[in-house]
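# Report on the structure
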Amino acid sequence: MRRKRMVMVVIIISCFLVSCAQKPNVEERNGIRVATADHENTDEVLQQNTDEIITNIPKSSSDNSITQRNLEIFANYENKKIEQVIDVSNGTKLFIDADIDVDGINRVSQYEYLTKDITEEIRANLFRSVFLDAADKAEYDELNDVWTLDIDPNIRNYFLYQISYSNGGTTVSGEQILILENRYYDLYPFEDNRLSSISDSKIDISLDEVTDTCKQIVNSIASADNYVADYVQAYGNNGRRPYYKIVFQHTLDGMPVSAYNDLTFLFDNNGIEMVKGSLFSAKEIGLTESILSPDEAVRRLQEQGNFLNFEEENQIMVSKITLEYIVINSPEGKVLITPVWRFWLGNDDDERNYFRQKILAIDALTGELIWDERGQTM
């Protein structure tokens, strides 16, 4: 991994998108606050659980012990720091001088990742939220199974909508991916087109307005209550057309889920130019053992350091450790949403944001190394 000299101002989205729906009734079971069904408010409870999570409340003493152990880990490591130097391949040193952030986390579990089909209703809602009244002008090409909407036919400026599929590799095989894109502009979504700072962007629209517009679109095709704008990056290097890249991630238990095809927006001075991503739901599997502690995760990272390759870098800094969820393919053939201790690359907020798509983590259940990059293929 080449060392990037460019750093960018991190865009911190400090609060998750909050539902304005009425909250369901709650009660305590084994020390955990859970939603309870109410015959008069059943629809509201179902709406609260839009991602179709099946909550398995621990009932056995073993379940209670796991829950208690996890809560102890959160309490013991809150606002703690880990300092460690790890030798990795090619003589590179991984310097860990990291604060541990488990703020607001009070439960952790494991889920099965369930794909969702992209329906015609989702397509229609997407068009109405992006194109407003002009959505009715879209035309369907039955032969190619695509939709088009002309912006300027004289120069063949038009939007194309289609459903693509993930096939093999490090992704969810057969998963549907919605793609709405303007086919006239070449936005060139690669690293050498990324700006060193958001302040260098030539976009005239405020970032708050951009993010809010994208949030409304997320709300039209999914549940915005369960999504967070995870990071924003600016593009338009060497005179290329400027735009923002905004990545939204699903959240579970107050933690972001890094999927293979997160909802991603490209936004320039004309507005939305691309929407791409998959929709999914989650079914809770539960835990049969407590998670690793951050110290145990560092030890597992040290044991597997020889598998890391940072190319020509001779030292890499980790300055933050968080508990997050990530989508993985299990050896048994299931697609799981599993908890990981993530080691954030970079010296400060700017660099951590720059390397946000690069995931260095330890599976918090198995101790296996995860070294992956998500969301760079457009």
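Rules behind the numbers
Throughout, a residue's number is its position along its own chain's written sequence, starting from 1. Side-chain atom pairs in this predicted model are given and counted only at pLDDT of 80 or more, local residue features only at pLDDT of at least 70, and totals for whole chains, interfaces and linings cover all residues. Hydrogens are left out, water is left out, and the side-chain values use all remaining heavy atoms of the structure. Put simply, a salt bridge is a Lys or Arg side-chain nitrogen that is within 4 Å of an Asp or Glu carboxyl oxygen. Elements are defined by DSSP. Helices are runs of H or I of four residues or more, strands are runs of E of two residues or more, and each kind is numbered from the N terminus. Relative accessibility decides the category of a residue: with a 1.4 Å probe and only protein chains considered, values under 20% of the type maximum give buried, values over 50% give exposed, and everything between is partly exposed. Multiply 1.5 Å by the residue count of a helix minus one, and that product is the helix's expected span. It only takes one pair of heavy atoms within 4.5 Å for two residues to be counted as in contact. Detection works on a 1 Å grid of protein atoms alone, calling trapped sets that fit a 1.4 Å probe cavities and calling open sets with protein on both sides within 12 Å along at least five of seven lines pockets, with lining residues defined by an atom within 4 Å of a point. Grid points are joined across faces, edges and corners, and a volume is the space filled by probe spheres set on the points. Under the scheme applied here, ten amino acids are nonpolar (Ala, Val, Leu, Ile, Met, Phe, Trp, Tyr, Cys and Pro), four are charged (Asp, Glu, Lys and Arg), and all others, including Gly, are polar. The pLDDT value expresses, per residue, how confident the predictor is, ranging between 0 and 100. An axis is simply a line fitted to the C-alpha atoms; with a helix, the fit covers only the stretch in contact. Between two such axes, the angle follows the N-to-C directions and lies from 0 to 180 degrees. Each angle gets one of four labels, with under 35 degrees taken as roughly parallel, over 145 as roughly antiparallel, 65 to 115 as roughly perpendicular, and the rest as oblique. Here is the rule for handedness: rotate from the far helix to the near one, and if that takes an anticlockwise turn smaller than a right angle the crossing is left-handed, while a clockwise turn gives right-handed. Two N or O atoms count as a polar contact when they lie within 3.5 Å, although within protein this holds only if one can serve as hydrogen donor and the other as acceptor, and sequence-adjacent residues are included solely when both atoms are side-chain atoms. Exposure above 30% relative accessible area and the lack of any salt bridge qualify a residue for a patch; like charges then connect within 9 Å, and the nonpolar side chains Val, Leu, Ile, Met, Phe, Trp and Tyr within 5 Å. All accessibility values rest on the Shrake-Rupley procedure with a 1.4 Å probe; residue burial counts only the protein chains present in the view. Under this rule, positive means Lys or Arg and negative means Asp or Glu; His and the chain ends count for nothing. The location of each charge is read from NZ of Lys, CZ of Arg, CG of Asp or CD of Glu. Two strands pair if DSSP finds at least two bridges between them.

### A short note on the pattern of salt bridges
Pairing between side chains of opposite charge can happen when the charged atoms of each approach one another. Overall, the coordinates contain 17 salt bridges when judged by the stated rule. We note a salt bridge from Lys81 to Asp97, for which the minimum N-O separation is 3.5 Å. Of the two residues, Lys81 sits in strand β3 (residues 81–87) while Asp97 sits in strand β4 (residues 93–101), which places them 16 residues apart along the sequence. Here Lys81 falls in the partly exposed class, since its relative accessible area comes to 46%.

### Here's the deal with helix α3 (residues 120–131)
In a regular helix each residue adds 1.5 Å, so 12 residues correspond to 16 Å; α3 covers 16 Å between its end C-alpha atoms and thus fits that length. Among the residues of α3, Ile122, Arg123, Ala124, Asn125, Leu126, Phe127, Val130 and Phe131 are the ones counted as buried. Buried residues in α3 make contact with β7 (146–152), β8 (157–165), β9 (176–182), α4 (207–221) and β14 (271–277). A positive backbone phi angle near 55° is found at Leu132, which sits one or two residues after α3.

### Considering the layout of surface pockets
Estimated volume of the second largest pocket: approximately 560 Å³. Residue lining of the second largest pocket: 25 residues in total, with Ile328, Ser330, Pro331, Leu336 and Asp363 positioned closest to the centre. Elements represented by at least two residues in the lining of the second largest pocket include exactly β16 (315–329), β17 (335–345) and β19 (369–373). Counting residues per element, the lining of the second largest pocket draws most heavily on β19, which supplies four residues. Per-class residue counts for the lining of the second largest pocket are 10 nonpolar, eight polar and seven charged.

### A word on the confidence of the model for the protein chain
Predicted coordinates in regions of low pLDDT should not be interpreted in detail. Per-residue confidence for the protein chain gives a mean pLDDT of 84, with 81% of residues at or over 70. In this model, residues 1–59 is a region of pLDDT below 50 whose contacts with residues beyond four sequence positions or in other chains number 115 contacts.

### Side note on the packing of α3 against α4
Running from N to C, α3 and α4 cross one another at 155°; their axes reach a closest spacing of 8 Å. Viewed along their axes, α3 and α4 adopt a mutual orientation that is roughly antiparallel. The way α3 lies across α4 gives a crossing that is right-handed. Counting all contacts with α3, which are made through Ile122, Asn125, Leu126, Ser129 and Val130, the residues of α4 involved are Ile217, Ser220 and Ile221. Looking at the contact of α3 with α4 residue by residue, the class counts come to five nonpolar, three polar and no charged.

### Observations concerning the environment of Ser173
Positionally, Ser173 belongs in the loop between β8 and β9. Looking at Ser173, the relative accessible area reads 60%, which means it is exposed.

### Overview of empty space enclosed by the protein
Within the structure shown, the criterion is met by two cavities of 30 Å³ or more. Taken as a whole, the largest cavity spans an internal volume of roughly 100 Å³. Lining the largest cavity are 15 residues, and of these Tyr231, Gln249, Asp262, Gln357 and Arg374 sit closest to its centre. Looking at the lining of the largest cavity, the elements with two or more residues in it are β10 (227–235) and β11 (243–252).

### Remarks on the side chain of Ser319
Summarising the element assignment, Ser319 is placed in strand β16. Here Gly346 takes part through its backbone oxygen, which lies 2.6 Å from a polar atom of the side chain of Ser319. Leave out the neighbours within four places in its chain, and Ser319 touches Asp97, Ala98, Asp99, Trp344, Gly346, Asn347, Asp348 and Arg352.

### Remarks on a negative patch on the surface
On the surface, Glu78, Asp99, Asp101 and Asp103 cluster together into a negatively charged patch. Its place among the elements puts Asp99 in strand β4. On the accessibility criterion, Asp99 (44% relative accessible area) is partly exposed.

### Some details on unusual backbone geometry
Negative phi characterises most residues that are not glycine, and trans characterises most peptide bonds. Here the phi dihedral of Asn90 falls at roughly 60°; this positive angle occurs in a residue that is not glycine. With respect to the secondary-structure elements, Asn90 resides in the loop between β3 and β4. For Tyr188, which is not glycine, the phi dihedral falls at a positive 50°. Among the secondary structure elements, Tyr188 is positioned in the loop between β9 and α4.

### Re the pairing of β10
Within a regular strand, the side chains alternate between the two sheet faces. Among the nine residues in β10, nine count as buried, and that is most of the element. In the sheet, β10 pairs with β11 via eight bridges, with the strands oriented antiparallel. Each residue of the ladder has a partner; that of Val232, found in β11, is Ile246.

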